[in-house]
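Descriptive structure summary
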Amino acid sequence: MTERSSISTCPTPPKNRYSGVDYRAEIERLRKEKNAVILAHYYQEGEIQDIADFVGDSLDLSRKAAATDADMIVFCGVRFMGEVAKILSPDKKVVIPDMEAGCSLEEACPADELRKFREEHPDHLVVTYINSSVEVKALSDYIVTSSSALTILDAIPEDKPILFAPDRHLGSWVKRQTGRDMVLWPGSCIVHEDFSEEALLELKKKHPDAPVAAHPECPFSILRHADMVGSTKMILDFVLERPEKEFIIATEQHIIHQMKKAAPDKTFIPAPGLDGDCKCATCPYMALNTMEKLWLALRDERPEIVIDEDLRKAALVPLQRMLDITAAAAKKDAA
Ligand code: 13P
Ligand code: SF4
């Protein structure tokens with residue numbers, strides 16, 4: 001049902017093609033001129049996070065993309081995030097710095113394989129992680145993010161058999177949290193799958209008072225040592241709220257940029273990777289984006305996300321379902 005991506009999780013930074021350009025100044029000028037909003041995920045390099053109008057996790061970024069009144073959305077993340085912005089804001093121009101910025105989870109779940117599963121299991125509801133292609137979303141009943149998965153599962157009747165795709169680690173974490181029996185698609189995130197349990201235990205010995213905050217894309221071998229499991233935004237909130245001064249962070253390392261900015265008096269230690277020399281926990285897809293490519297995307301208004309309208313409408317149904325369920329749950333919590 002799947003294949004593991006062979007892309008390296010220790011990427012060489014892409015080289016700039018232009019010299020002598022003040023990227024910051026040019027981006028500032030163009031974003032005003034074109035009424036563009038820059039959205040960035042926490043896994044983007046620090047400079048991109050700093051120039052973005054909004055930095056967030058997948059759920060908050062989707063909400064921002066749906067609500068913006070800008071004419072153009074420049075999405076600094078990976079391709080599926082740009083697609084989500086286009087699905088939710090079809091009248092806006094959506095550009096991304098690099099069209100090659102994919103995701104190992106998206107690669108692990110081709111639409112034709114999911115279609116085949118649906119045909120063979122017509123009774124199953126398909127609950128799909130947002131890290132998937134627009135074609136796969138269009139074949140799904142519900143979309144979830146790491147921060148909304150438990151809320152969405154709560155809204156699905158207990159007697160319904162479920163396929164959870166494509167992240168088996170997030171899926172088994174949801175299974176453990178909800179007690180729901182689900183078929184798990186065998187995809188994984190190459191970054192989170194590369195954390196080493198043995199090295200984490202060594203690190204914990206050296207920092208016994210440091211809580212471990214982990215993303216649910218990590219395998220159980222890591223999650224079982226975590227004090228907190230949640231989305232990037234939830235991990236950020238956790239380290240800012242807790243009184244401890246040291247934390248071990250088991251997710252893509254660029255989120256530490258936000259942590260250091262918000263809590264310069266605290267220390268954030270990246271969880272170690274499996275590979276002896278390289279412990280960089282860097283997403284090679286996210287790392288394709290650079291300040292230069294962001295500037296070029298704004299200047300040339302490409303590469304642009306274009307989605308066939310029937311496909312977009314089909315993908316919107318499960319995505320909107322997630323936004324509606326989470327909005328209703330938040331309203332209930334606030335009451
Ligand atoms: P969240 O920011 O929603 O936790 O997702 C993490 C991720 O892997 C994005 O690709
Ligand atoms: Fe995909 Fe993992 Fe990169 Fe997120 S960190 S975009 S899940 S490969």
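To keep things clear, this report deals only with the structure shown in the data block.

1. Details of the overall build of the chain
Regarding its fold elements, the chain presents 15 helices and 12 strands. The C-alpha atoms of the chain give a radius of gyration of 19 Å, which matches the 20 Å a tight globule of 335 residues would have. Every one of the 335 residues in the chain was classed for burial, and the buried ones make up 55%. Residue pairs at least 24 apart in sequence account for 66% of intrachain contacts in the chain once pairs closer than 6 positions are excluded. Split by element, the accessible area of the chain, about 14700 Å² in all, is 49% carbon and sulfur. Here the chain holds 42 positive side-chain charges and 56 negative ones, and the gap between their average locations is 2 Å.

2. Remarks on the site of ligand 1
Around ligand 1, 13 residues are found, and the nearest of them are His41, Ser58, His215, Glu217 and Thr232. Contact distances for ligand 1 include 2.9 Å between an oxygen atom and a side-chain N or O atom of glutamate 217. Threonine 232 has a polar side-chain atom sitting 2.6 Å from an oxygen atom of ligand 1. Comparing atom positions with the cavity grids shows ligand 1 to sit within the largest cavity. Classifying every residue of the shell around ligand 1 by side-chain character gives four nonpolar, seven polar and two charged.

3. What to know about the packing of helix H3 (residues 58-67) against helix H4 (residues 79-88)
Two numbers describe how H3 lies on H4: the axes approach to 8 Å, and their chain directions differ by 35°. As H3 runs across H4, the sense of the crossing is right-handed. Contacts between H3 and H4 involve Ser58, Ser62, Ala65 and Ala66 from the first element and Met81, Val84, Ala85 and Leu88 from the second. Across the contact of H3 with H4, the residue classes break down as six nonpolar, two polar and no charged.

4. A look at the sheet that holds strand S12 (residues 267-270)
Taken together, the four strands give an open sheet; going across it, the order is S10-S9-S11-S12, and neighbouring strands pair in parallel fashion. Every interior strand has two partners, whereas the edge strands, strand S10 (228-229) and S12, have only one. As paired strands, strand S11 (residues 246-250) and S12 are joined by four bridges and run parallel to one another. Bridge pairing links isoleucine 248 to isoleucine 269 in S12.

5. Description of the environment of arginine 79
Mapped onto the elements of the fold, arginine 79 is located in helix H4. Assessed through its relative accessible area of 22%, arginine 79 is described here as partly exposed. Considered as a pair, arginine 79 and phenylalanine 117 are 38 residues apart in the sequence and their alpha carbons are 24 Å apart. Here arginine 79 is in contact with Ile96, Met99, Glu100, Ala101, Gly102, Glu106 and Ile305, once residues within four sequence places are set aside. For arginine 79, the side chain forms a polar contact with the main-chain oxygen of methionine 99, separated by 2.7 Å.

6. Here we look at the packing of aromatic side chains
Evaluated as defined, the whole model comprises four aromatic pairs. Each ring, one from tyrosine 18 and one from tryptophan 295, has its centre 5.3 Å from the other, and the planes form 90°; the classification is edge-to-face. Placement of tyrosine 18 in the segment before helix H1 (23-33) and of tryptophan 295 in helix H14 (residues 291-300) is noted, with a sequence separation of 277 residues between them. When the centroid spacing of 6.2 Å and the interplanar angle of 75° are considered together, the rings of phenylalanine 238 and phenylalanine 247 count as edge-to-face.

7. Examining the packing of H1 against H14
The description of two packed helices rests on the angle between their axes and on the distance between the axes. Between H1 and H14, the least distance of the axes is 10 Å, while the angle of their chain directions is 25°. Looking at the two axes, H1 sits roughly parallel to H14. With respect to the hand of their crossing, H1 and H14 are arranged in left-handed fashion. For the pair H1 and H14, the contacting residues are Tyr23, Arg24, Glu26, Ile27, Leu30 and Arg31 in the first and Met291, Glu292, Leu294, Trp295, Leu298 and Arg299 in the second. A breakdown of the residues in the contact of H1 with H14 according to their chemical character gives seven nonpolar, no polar and five charged.

8. Brief notes about the pairing of strand S1 (residues 36-41)
Burial analysis of S1 places six of its six residues in the buried class, which makes it a mostly covered element. Going residue by residue along S1, you find Ala36, Ile38 and Ala40 tucked away on one face and Val37, Leu39 and His41 tucked away on the opposite face as well. When S1 meets strand S3 (residues 72-76), the two strands line up parallel, connected through five bridges. The partner of alanine 36 across the bridge, within S3, is methionine 72. For S1 and strand S2 (residues 54-56), the ladder comprises three bridges, and the chain directions are parallel. Within S2, the position partnered with alanine 40 by the bridge is valine 55. What joins S1 to S2 is helix H2 (residues 46-51), and the crossover it makes is right-handed.

Calculation rules
Residues numbered from 1 in each chain as written. Chains lettered and ligands numbered in written order. Predicted model: local features only at pLDDT ≥ 70, side-chain atom pairs only at ≥ 80, totals over all residues. Heavy atoms only, no water. Helix = DSSP H or I, 4+ residues; strand = E, 2+ residues; numbered from the N terminus. Rg over C-alpha atoms; globule rule 2.2 N^0.38 Å. Buried < 20%, exposed > 50% of the residue type's maximum accessible area, 1.4 Å probe, protein only. Contact = heavy atoms within 4.5 Å. Areas by Shrake-Rupley, 256 points an atom, 1.4 Å probe, with all protein chains shown as cover. Lys, Arg positive; Asp, Glu negative; His and termini not counted. Charge placed at Lys NZ, Arg CZ, Asp CG, Glu CD. Near = heavy atom within 4 Å. Polar contact = N/O pair within 3.5 Å; in protein donor to acceptor, adjacent residues only side chain to side chain. 1 Å grid on protein atoms, 1.4 Å probe; cavity = no way out; pocket = protein on both sides within 12 Å on 5 of 7 lines; lining within 4 Å. Sits in = over half its atoms within 2 Å of the grid points. Nonpolar A, V, L, I, M, F, W, Y, C, P; charged D, E, K, R; others polar. Axes fitted to C-alpha atoms, helices over the stretch in contact; angles between N-to-C directions. Left-handed = near helix turned anticlockwise from the far one by under 90°. Pairing = 2+ DSSP bridges. Phe/Tyr/Trp six-rings, centres within 6.5 Å; stacked < 30°, edge-to-face > 60°. Parallel < 35°, antiparallel > 145°, perpendicular 65-115°, else oblique. Right-handed = clockwise from strand over helix to strand, strands pointing away.

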